[in-house]
Amino acid sequence: MNRPDSPLDRLAALRDSKRWDVLIIGGGASGLGAAVDAAARGYRTLLVEARDFASGTSSCSTKLIHGGVRYLRQGDFALVSHALHERSHLLANAPHLVHPLAFVIPAWRGIDWVVYGAGLKFYDLLAGHHSLDASVSLNRQEVIAALPGLRRKHLCGGIRYWDGQFDDARLAITLMRTAIDLGATCLNYLPVTRLLKSGGRIVGAVLRDAESEEQFEIQARAVINATGVHADRVRQMDEPTAPPLLTPSQGIHLVVDADFLPGQQALMIPKTEDGRVMFAIPWQGKVLLGTTDTPRPELHQLDDPLPLDREIDFLLHTAAGVLVQPPTRTDIRSAFAGLRPLIHPENNSDHRSTSALSRDHAIMVSTSGLITIAGGKWTTYRRMGEQVVDCAIQVAGLPAELSMTRTLKLHGCPTKPENDNPLGTDASLLIELPGHDRVLHPAFPYSEAQVRFAIRHEAARTTEDILARRTRAFFLDAKAAESSIQRVGEILAQELTLSPERLQAITSQAQQSARRFQGIPPDNR
Ligand SMILES: Cc1cc2nc3c(=O)[nH]c(=O)nc-3n(C[C@H](O)[C@H](O)[C@H](O)COP(=O)(O)OP(=O)(O)OC[C@H]3O[C@@H](n4cnc5c(N)ncnc54)[C@H](O)[C@@H]3O)c2cc1C
């Protein structure tokens, strides 16, 4: 089996073994959740990711493990209830990665105070014994104490409720490590380029190593397409005339300094001018503002979408309406966009609005047996993984085994609850690595040892992998992170014995990426 702690021989498992029970295409929340579930049931599991783990939508979320208060308005009670149950499982299985966070909904009109209070009581009810704490009504003074940065004119009170917060890319890396602990092989930079068929049935796939161009043909009894917004492309490898299933919708976030929203509680604006929800959330020493819901049916380039000017303006304008000292464009430390793989209802050709489309997931099986899972939320990744593996057992006739993930502790889960380092028990290993006493950059809490750890144990292959997803430097302050590119490159070159050409290529890719997080289109500084 491939271990990420052998980065120089990362493809050994593909050479050793050509036959797998389950092949999962895509290393985001959906694919990694399926890999953990399949490996925990004892199936020979291979997951391949075209780029880096969580390099798509799964690192660009609002970073909430939540039922989704706004889905109550849509009447999606089942989705909310399932998500609230999953929130509780995650808090128990990954306490180092998920923690409760208080949200305050301010009310500037008495009627809103009553309506939000009733809605949040219903939220509590759906959570049942999985509730983190009961929502409470706050008077004007209590709201101001919780959110000192809030505009006070006409403020009458508010409601406080609780949800979960996490680091999305860190959870993805943890799931990859958990799947490997359970015997799976998980490989990044290995796109599926073709599906293999025999007698009209899918029997495997062709994979291409993006670093060496080496090709591999592998056989699998079940093939799961978990490629998010790319799912239609993989479906069309199976059936070239398959009609598209997805309507991509873009959501962006802006990251600003914590001074714009002092305190430890999040602000939730339940109705923006376009009828959406907007959050301002303390996250890793900064504040995250988001999000938008912009239909992007025209997107041909599904990798690394850029925030649109009008989306940035919209978030700043909404923040200006509620904050005493609102941020402006020059205050933005980082900006990023993600694409929701929403399933559009049959016969829906109206791509103008996506905010009303369900956030629930769907599982489809083609006539040749390709299993596609799409839609859903980070919060429900475990349940989605369980259901898609149940489906694979049926489709491929695998020996039936029950899902184990509901109570499965994730990699690094600490034995002592006070250990809330996101690396969990792995944090103690950093001390043994060179650079544990050298910070990568004074703006961030990362040591050089963490960079080495990411390369040796977390399958990081490029500077961007380290600055965007093993650490969150690009997401927190893209300009500061840009000045760490050279040092990270030097460490990568040492650890992976990189050629000068390869080092040059990953350095210039990281520079492009730093610009993207500063909202600058490629090659246009
Ligand atoms: C703005 C925004 C905010 C969100 N906020 C939240 C939130 O707060 N809480 C929450 O629960 N959910 C949230 N979500 C939803 C959640 O982020 C997504 O549902 C989830 O990340 C989707 O994961 P995925 O694995 O399906 O897709 P992705 O993360 O996109 O993963 C698919 C992967 O497949 C890979 N791939 C594509 N083609 C191939 C190929 N041929 N071979 C191999 N690999 C391939 C891609 O490179 C990609 O990494 C949010 C979504 C958005 C857009």
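Refer to the structure printed above.
Throughout what follows, the structure given in this document is the object of discussion. (Residues numbered from 1 in each chain as written. Predicted model: local features only at pLDDT ≥ 70, side-chain atom pairs only at ≥ 80, totals over all residues.)

**Some thoughts on the nonpolar core**
Thought 1: Judged by nonpolar contacts, the single largest core of 146 residues is most densely connected at Ala35, Ala179 and Ile224.
Thought 2: Setting aside residues up to four positions removed in sequence, Ile224 forms contacts with Val22, Ile24, Ile25, Ala34, Ile371, Ile373, Val388 and Ala392. (Core = buried A, V, L, I, M, F, W, Y, C linked by C-beta atoms within 7 Å. Buried ≥ 20, exposed ≤ 12 C-beta atoms within 10 Å, placed from the backbone. Contact = placed C-beta atoms within 7 Å.)

**Concerning the environment of Gln284**
Thought 1: By the secondary structure assignment, Gln284 is in the loop between strand 13 (278-283) and strand 14 (286-290).
Thought 2: Of the residues examined, Gln284 has 17 C-beta atoms within 10 Å and is grouped as partly exposed.
Thought 3: Taking C-alpha positions, Gln284 is 9.6 Å from Phe444, a pair spaced 160 residues apart along the chain.
Thought 4: Leaving out residues up to four positions away in the same chain, Gln284 has contacts with Arg472 and Leu476. (Helix = DSSP H or I, 4+ residues; strand = E, 2+ residues; numbered from the N terminus.)

**Thoughts on the pairing of strand 17 (residues 361-365)**
Thought 1: Note that strand 17 and strand 18 (residues 371-375) share five bridges and pair antiparallel. Paired with Ile363 across the two strands is Ile373, which belongs to strand 18.
Thought 2: Counted along the chain from strand 17 to the antiparallel partner strand 18, the turn is five residues long, and its residue Gly369 has a positive phi close to 100°. (Pairing = 2+ DSSP bridges.)

**A look at the packing of helix 2 (residues 29-40) against helix 7 (residues 168-181)**
Thought 1: Interhelical geometry of helix 2 versus helix 7 gives an angle of 25° and a closest axis separation of 9 Å. The orientation of helix 2 relative to helix 7 falls into the category roughly parallel. For the crossing formed where helix 2 meets helix 7, the hand is left-handed. From helix 2, Ala29, Leu32, Gly33, Ala35, Val36 and Ala39 reach across to helix 7, where they touch Ala172, Leu175, Met176, Thr178 and Ala179.
Thought 2: Among the residues making up the contact of helix 2 with helix 7, the classes are represented as nine nonpolar, two polar and no charged. (Axes fitted to C-alpha atoms, helices over the stretch in contact; angles between N-to-C directions. Parallel < 35°, antiparallel > 145°, perpendicular 65-115°, else oblique. Left-handed = near helix turned anticlockwise from the far one by under 90°. Nonpolar A, V, L, I, M, F, W, Y, C, P; charged D, E, K, R; others polar.)

**Comments concerning the site of the ligand**
Thought 1: Taken together, 38 residues lie around the ligand, and Gly26, Gly28, Gly56, Gly228 and Gly251 are the ones closest in.
Thought 2: Only helix 2 and strand 16 (334-343) provide two or more residues apiece to the shell around the ligand.
Thought 3: Ranked by residue count, the leading element in the shell around the ligand is strand 16, at four residues.
Thought 4: When the residues that make up the shell around the ligand are grouped by side-chain class, the tally is 14 nonpolar, 19 polar and five charged.
Thought 5: Each of domain 1 (7-58 + 170-244 + 348-407) and domain 2 (71-165 + 247-343) contributes no fewer than three residues to the shell around the ligand. (Near = placed C-beta within 6 Å. Domains from an automatic or database assignment.)

Interpretation note: all reported values are geometric properties and have no functional meaning in isolation.
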